[in-house]
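# Summary of the model geometry
One letter stands for each residue in the lines below.
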Amino acid sequence: MASSSNTGTLRLSGDQIVGMAGALLGALVTAVGTYLELRPNRILGGDSVTAIAAFGPGAWALLGLWALMFAACLPGTGRTGAMVRGLVANTTMVVSVLLVARRATAFVAQSGDVARASLGISFWLSLGAAYIVIFSALPRAKSRNARALVSLPGIVMIAGLLFTGQLNSLSILVEYAVNADSFNKALVQQLSYTLGATGIALVIGLLAGVGAAKNPRLEGPVFATLNIAQVLPSLSFIGLLIVPMGWLGLNFPALKALGVSGIGWAPVFVVLLSYALYPITRNVYTSLKTLDESITDAARGMGMKPIQRLFTVELPLAFPVIIAGVRIAAVQTTAAAILAALVGGGGLGQIVFFGVQQTATDLILLGVIPIVALSLTIDASLRFVETLVRTAQEGGLT
Amino acid sequence: MGESLGIRRNWPIVSLMIAALVWMTLDQAGFGRLLGFLLPDETTLLYERETLATLMGQHLVLAGVSGALALVIGVALGLMLITPAGASFRDLVVSIANFGQTFPSIAVMALLVPIMGYGWKPVVVALVIYSVLPVMLNVVAGIENVPPAMVDAAQGTGMNARQRFLAVQLPLAMPIILGGVKNMLVIAVGAATLGAIVGAGGLGVPIMAGANQFKPALVLEGAIPSAFLALIIDRTL
Amino acid sequence: MIRLEHVTKCFAENTAVDDVSLEIKAGELAILLGPSGCGKTTTLRSINRMTDIDSGTIFVDDINVLEQQPDELRRRIGYVIQSIGLFPHLTIARNVATVPRLLGWDAERTNKRVNELLEMVGLDPALYAMKHPRELSGGEQQRVGVARALAADPAVLLMDEPFGALDPLSRQRLQVEFRALQRELGTTVVFVTHDIEEAVLLGDRIALMDHGRLIQFDRPETLWLSPATPFVSSFFGEEFALKILSRHTVFGIALERVSPDGLAQVTAETSLKDALATMVSSGRDALSVSDGLGGSAGVLTFSALVHAVKE
């Protein structure tokens, strides 16, 4: 594209600058900083090694890949350059994971079963750098397939390596192996918080949002209440609920049977539900309020009853915006549910706080990474649903 | 956040909340009697190792220092992103910000503990990371929201880029930038509560102590003032 | 057919409709015309109770609409608005089928009706039925809007500046086609516009309104020849005569049997306005009128044209 300016000198475009920055960061963290930490056992400190120290020639190959990505950002490389650097970034991710796994296996074999090989900050930053390069390539990928080709293969292959046990000698997966039972339970709890709170918030949010949009007298109270809930700090909010929830559990046997008490899942669930309610209710409300007036006027003029208008015209048109609200709520809830562990409500936060107590980074990461992965998956799938609905409603690609 | 659907500034109520907060902090014995009245079965009413005034002080320093750092860094980054060179990175920054949304703030504190140790340092770093975003994004949004016609008109009167920025763009962007600062402070004051988890003090300390020892009065001793603090900041700014 | 008796409607301080009474006959195309804010749209919307009036009565088919359930009433009255208001998430077929579905027609009957309607408004069902509104041009969208309003074969059609947002060319085509369609179906139409040309071209009768009051309700020719107030003549202006010419064709005017040699030729269907324009541009005060067989049926003179309109 317009890679040369009218003065005749070659100019860099925005995506190329970003791609170069990513490639430079990748090369930098490959050359310096802790890529791997090799320790004799879980507690003792060990060697913090750079990629070059850890892999030898393998690291030079990585540096070569980063250089290739840099070259694919040079002026005049255009769309081909973008596709090349995107694919090379995916390759680099997979190669660095393979190198790390191989070095870890060798280290554990050599130093005994209690030895630990942990991923260092430079390794994580190199994944970040690869993401930046991929991100810089996306705007130039014109078709949906091209975008998928540039963004997915690395992640998919790493997931494949993970699930086929190729990475099992890494310390984080050793932590998983040791804590598998409590991890699996915590993961299910975390998911239940997200799905439960978001699901119930969707039902209540639809009612409250429709109510506020149709009845101006409800609007003020609904949003004033939700806003207070939104502003309260999460830990304080849980704290404020401990007493009333405890009272409910003591005085209503039915609730007690469900496990409602001052401590445990109940106060956390109410907090998550309140947080999730705001984005959903707000999006239901604003999407109904901002509908094209001519459409609602036409629906009324054809003799649709209010309830028919709501279900056949208004809510379907509002649907993509409502889904966006659900997405925001689900992502917020997934992150906030980490607090449940503080009041005995379980979830992945348990693993995280366990790790904090032992200053065991790998255990903390074992709790944090699934939370982030869960959020990103929810975010991506709901975005996908949103686009699908939008395109279907607007009559295919336009 | 950011939107303010349904918020009406009610000064009498805000003044009452401020007065109540000052009273709790200064007359700790009185606040203890109130907690005792609310929870007649409880014997431990107040956190014994620190006074509420100290905890409040720690809390405000944590939030204040992080907020000030975040303001400076956020404005600087925001201004960099609106320069022609920085504009290339804008989408990337927004994307990283979205990624940051999925990352619980406690997780950042937790991961910093092995590196920086327990105490205020990991908390300030985490608070700054989370508070920079609303400031930076609102600086960008505020400047971009200025109608191009106005910048054009300013250029037409012979203002240079610097004059246009100072006399037209910045003043018109101010409301949005200040909205970001307010959000930032609400986030900082709220997240400072979490500092207690990694030993940084603040109003989270009695909440955590109460939750660990099943003493609801202690939980309320921290939860009530920190909730008031967040609400007051949200309603006054 | 439609009868308004002493209809009054106030919004806060100002009176939108002030004691309006008028009677529209079955099959008639009545225009509500006037400057903006004169109350024409409010009057129209009070007929299907989109706006509820403060006092007065409205009858459609001798039934008092105020005693009817509004939704039931609206399903029997077609409604077309300037911004069209097609449902963007539904196909053209589903849009047109809105009222039949509300009325609980079965699928087969609905489908048949949808195809019939699309053809009626000049859209090929095979091409258009499954499209979405945003894939259509403005003119096509309003054709769908008209089809949707006619779906349940309503006896009455209310139209609020339906062609106001279209470009001049599609606007003109839709006006002509709609007029023919309305004559064929015999639907009673109440049509709001602020465009004098459109009003004169389409209206059987024009109700001229100002400040909420009905000033005069008559055929355009009557409004021109015997205006009730000075406002009427000043509103229509000097060009009114030319606009009236557009309503009439050469057909029916007595032709003179003189030689048509050298005269520009028009047909019997040519409007008098166009005939006059042809005279001016050809620089002669007479035209040859074709007999449809290649010859001339006679000669139309300027004075014949002028007198014909006055009668």
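Rules behind the numbers
- Residues numbered from 1 in each chain as written.
- Chains lettered and ligands numbered in written order.
- Predicted model: local features only at pLDDT ≥ 70, side-chain atom pairs only at ≥ 80, totals over all residues.
- Heavy atoms only, no water.
- Contact = heavy atoms within 4.5 Å.
- Buried area = accessible area lost by both parts, 1.4 Å probe.
- Salt bridge = Lys/Arg side-chain N within 4 Å of Asp/Glu carboxyl O.
- Polar contact = N/O pair within 3.5 Å; in protein donor to acceptor, adjacent residues only side chain to side chain.
- Helix = DSSP H or I, 4+ residues; strand = E, 2+ residues; numbered from the N terminus.
- Domains from an automatic or database assignment.
- Nonpolar A, V, L, I, M, F, W, Y, C, P; charged D, E, K, R; others polar.
- Buried < 20%, exposed > 50% of the residue type's maximum accessible area, 1.4 Å probe, protein only.
- Phe/Tyr/Trp six-rings, centres within 6.5 Å; stacked < 30°, edge-to-face > 60°.
- Lys NZ or Arg CZ within 6 Å of the ring centre and 35° of its normal.
- Expected span 1.5 Å × (residues − 1).
- Bend = angle between axes of the 7 residues up to and from the residue.
- Pairing = 2+ DSSP bridges.
- Patch = residues over 30% accessible without salt bridge, like charges linked within 9 Å, V, L, I, M, F, W, Y side chains within 5 Å.
- Areas by Shrake-Rupley, 256 points an atom, 1.4 Å probe, with all protein chains shown as cover.

Most contacts, among the two pairs of chains that meet, fall between chains A and B. One finds no contact between chain B and chain C; the C-alpha atoms of the two approach each other to within 26 Å at their closest.

Glancing now at the interface of chain A and chain B. Taken together, the contact pairs 47 residues of chain A with 47 residues of chain B. Carbon and sulfur atoms supply 79% of the area that chain A and chain B bury against each other, a total of about 4,000 Å² over both sides. Between the two partners, chain A and chain B, sit zero salt bridges. At the surface where chain A touches chain B, the tally comes to four residue pairs in polar contact (both at pLDDT 80 or more). The set of elements that each furnish at least two residues to the side of chain A that touches chain B consists of α1 (14-31), α5 (121-137), α9 (216-231), α10 (234-251), α12 (265-289), α14 (306-336), α15 (349-357) and α16 (361-393) of chain A.

All names here are of chain A. Parsing chain A into structural domains produces domain 1 (14-169) and domain 2 (178-393). Using C-alpha coordinates to define each centre, domain 1 is positioned 35 Å away from domain 2. Opposite the five residues of domain 1 that make contact, domain 2 presents seven residues. For the pair domain 1 and domain 2, the two sides together bury roughly 440 Å², of which 43% comes from carbon and sulfur. Together, R42, W124 and R144 form the three largest contributors to the area buried by domain 1 at its contact with domain 2, with a combined 71%. Here domain 1 and domain 2 share one salt bridge between them. Ionic pairing is found between D362 and R39, a salt bridge with its closest N-O pair at 3.6 Å. Here domain 1 and domain 2 share two residue pairs in polar contact (both at pLDDT 80 or more) between them. The class makeup of the residues in the side of domain 1 that touches domain 2 is one nonpolar, one polar and three charged.

This brings us to the interface of chain A and chain C. Put simply, an interface is often sized by how much accessible area is lost when its parts join up. In this assembly, 22 residues from chain A lie in contact with 24 residues from chain C. Summing both sides of the interface, chain A and chain C together bury roughly 2,000 Å²; the carbon and sulfur share of this comes to 58%. Three residues, R300, G301 and M302 of chain A, lead the burial of chain A against chain C; their summed loss comes to 28% of the area buried on that side. Across the salt bridge formed by R45 of chain C and D297 of chain A, the nearest N and O atoms sit 3.0 Å from each other. One can count nine residue pairs in polar contact (both at pLDDT 80 or more) joining chain A with chain C.

Moving on, we get to helix α2 (residues 28-38) of chain B. Inspection of α2 of chain B places Q28, G30, F31, G32 and L35 of chain B among the buried residues, and these make up the whole buried set. Buried positions along α2 of chain B lie against α1 (11-26), α3 (52-81) and α11 (216-236) of chain B.

Following the criterion strictly, the structure yields 18 aromatic pairs over all chains and no others. Each ring, one from Y35 of chain A and one from F55 of chain A, has its centre 5.6 Å from the other, and the planes form 90 degrees; the classification is edge-to-face. Taken together, the positions of Y35 of chain A in the loop between α1 and β1 (36-39) and F55 of chain A in helix α2 (residues 51-55) put the pair 20 residues apart, joining distant regions of the chain. The class for Y35 of chain A is buried, based on a relative accessible area of 1%. Judged by its relative accessible area of 10%, F55 of chain A falls in the buried class. Cluster of aromatic residues (ring-pair linked, three or more members): Y35, F55, F123 and W124 of chain A. Sitting above the plane of the F87 of chain C ring, R148 of chain C keeps its charged end 4.8 Å from the centroid.

Another point: α10 of chain A. The terminal C-alpha atoms of α10 of chain A lie 26 Å apart, and with 18 residues this matches the ideal 26 Å at 1.5 Å per residue to within 8%. Along α10 of chain A, the sharpest change in direction is near 35 degrees and occurs at I242 of chain A; proline P244 of chain A comes one to four residues later. All buried positions along α10 of chain A are accounted for by S234, L235, S236, F237, I238, G239, L241, I242, M245, G246 and G249 of chain A. Buried positions along α10 of chain A lie against α9, α11 (253-258) and α12 of chain A together with α10 (204-213) and α11 of chain B.

Here we come to the pairing of strand β3 (residues 29-33) of chain C. All names here are of chain C. The buried count for β3 comes to five of five residues, which makes it a mostly enclosed element. Burial of the side chains of β3 extends over both faces: L29, I31 and L33 are buried on one face and A30 and L32 on the other. In terms of strand pairing, β3 meets strand β8 (residues 188-193) through five bridges, oriented parallel. Each bridged residue has a counterpart across the sheet, and for L29 the counterpart in β8 is V189.

Here we come to the domain arrangement of chain C. Residues and elements named next belong to chain C. Domain assignment breaks chain C into domain 1 (2-244) and domain 2 (265-310). The centre of domain 1, based on its C-alpha atoms, is set 34 Å off from the matching centre of domain 2. The junction of domain 1 with domain 2 conceals about 420 Å² of combined surface from both sides, 69% of it contributed by carbon and sulfur atoms. Among the residues of domain 1 in contact with domain 2, W224, L225 and L242 are the three that bury the most area, contributing 74% of the side total. Where domain 1 meets domain 2, there are one salt bridge. Between E197 and K273 there is a salt bridge, and its shortest N-O distance comes to 3.2 Å. The interface formed by domain 1 and domain 2 holds one residue pair in polar contact (both at pLDDT 80 or more) in total. Where the side of domain 1 that touches domain 2 is concerned, the elements lending two or more residues are α10 (220-225) and α12 (240-245).

Turning our attention to unusual backbone geometry. Of note, the phi angle at F214 of chain B is positive, near 55 degrees, even though the residue is not glycine. Checked against the element boundaries, F214 of chain B lands in the loop between α10 and α11. In the Ramachandran plot, D61 of chain C falls in the positive-phi region, its phi being about 55 degrees despite a non-glycine side chain. With respect to the element layout, D61 of chain C can be found in the loop between β4 (55-60) and β5 (63-64).

What follows deals with a nonpolar patch on the surface. Residue and element names in this part refer to chain B. A cluster of nonpolar side chains, contributed by V61, V65, L69, L71, V72, I73, L77 and M80, occupies part of the molecular surface with about 650 Å² of accessible area. Structurally, L69 can be placed in helix α3. On the accessibility criterion, L69 (41% relative accessible area) is partly exposed.

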